[in-house]
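Read off the chains here:
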Amino acid sequence: MSKSFELHDKDSKSALPISSLKIETRCSNFIAETSVTVHFSNNQQKSNIEAELLFPLEDGSTVSGFSTDIYGKLVPGVVTSKEKAQVALENAVRATEEGRIATVEHVTGNLYKARVFPVPKKEGRIVRIVYISEIRDGKYRVPMSFKNLSHVQEFSCSLMVENAHGPPTMTSTPLTSDPSFVFSPQDAMLTQNMIRYMANTSQSNVTMSDFFLQIPQKENDFVVHEKNNFNFFCLKVSPENSSVQVESQVE
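Residues numbered from 1 in each chain as written. Predicted model: local features only at pLDDT ≥ 70, side-chain atom pairs only at ≥ 80, totals over all residues. Heavy atoms only, no water.

J.: I keep staring at the sheet that holds strand E12 (residues 169-170) and nothing clicks. Help me out?
T.: Hydrogen bonds along the backbone pair up the strands of a sheet, which may run parallel or antiparallel. Here we have 3 strands laid out as an open sheet, ordered E10-E15-E12, and antiparallel in their pairing. Both edges of this open sheet fall to strand E10 (139-142) and E12, since each of them pairs with a single strand only. Where E12 and strand E15 (residues 211-214) come together, 2 bridges link them in antiparallel fashion. Each residue of the ladder has a partner; that of Met170, found in E15, is Leu213. (Pairing = 2+ DSSP bridges. Helix = DSSP H or I, 4+ residues; strand = E, 2+ residues; numbered from the N terminus.)

Set out below in structure tokens:
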């Protein structure tokens with residue numbers, strides 16, 4: 001499955017232009033929380049369209065938040081059944097008076113879909129998606145690529161890495177080649193003398209391409225986790241020496 005996001009008009013399937021993209025990622029131990037805020041516009045002939053945003057997530061990820069703009073203000077969504085959400089959206093599409101609504105739903109596997117109506121020609125719409133992912137082997141993908149879109153007009157990115165055992169690095173892309181976009185230590189953590197690292201950038205006319213964070217790991221660190229459809233439990237273990245052994249039994 002492609003890892004690229006896809007933003008298009010629901011009827012014509014034509015890609016919709018993105019005026020601004022904002023990504024905020026906070027990594028701590030083996031968990032990353034990422035917020036993706038997209039401001040897009042309507043370049044179709046119709047004055048109001050319904051937009052679809054398809055976004056595949058990494059294995060072990062889950063959506064934790066969703067917001068959309070309601071007349072200039074981002075409003076968080078509420079959890080409801082898929083059937084009720086579909087009815088509310090379809091009623092808004094058919095209504096003669098303009099309302100604003102957006103839904104997000106699980107499609108299949110790791111694929112999710114947001115539907116946004118209406119998308120007026122002048123101001124466009126904004127959606128924000130927040131999700132939580134596992135960091136595996138110290139490597140994490142920062143999502144930037146959109147299908148059928150190569151550039152974004154305005155881009156900003158804020159990265160924070162906590163509990164790191166050294167300065168994180170980024171894979172080389174046109175975006176990360178900016179000499180100011182590097183990790184720098186911010187302050188000492190209160191425990192284990194670890195450091196918080198941050199990197200920020202704001203750029204224009206950016207090539208949209210994913211890049212990866214590589215976060216230094218302690219050699220003996222390992223993660224124990226269990227999950228089902230309703231719960232997730234995880235534990236990071238940092239033994240003082242390599243002779244420590246951990247036995248587990250699942251009944």
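Resuming the write-up.
J.: Teacher, can you tell me more about the nonpolar core here?
T.: Counting 47 residues, the largest nonpolar core has Ile18, Leu21, Phe40 and Phe146 as its most contacted members. No other element matches strand E11 (residues 151-164), which puts 6 residues into this core. When neighbours within four sequence positions are excluded, Ile18 is seen to be in contact with Leu7, Val38, His39, Phe40, Phe146, Leu149, Val152, Gln153 and Met208. (Core = buried A, V, L, I, M, F, W, Y, C linked by side-chain atoms within 4.5 Å. Buried < 20%, exposed > 50% of the residue type's maximum accessible area, 1.4 Å probe, protein only. Contact = heavy atoms within 4.5 Å.)

J.: Looking at this model, I keep getting lost on the environment of Lys113. Mind explaining?
T.: Topologically, Lys113 is positioned in strand E8 (residues 111-120). Spatially, the C-alpha atoms of Lys113 and Leu54 are 4.5 Å apart, while their sequence positions differ by 59 residues. Not counting the four nearest positions on each side in its chain, Lys113 is found in contact with Glu52, Leu53, Leu54, Phe55, Thr103, Val104, Glu105 and Val107.

Function cannot be inferred from these measures alone, as they are strictly geometric.
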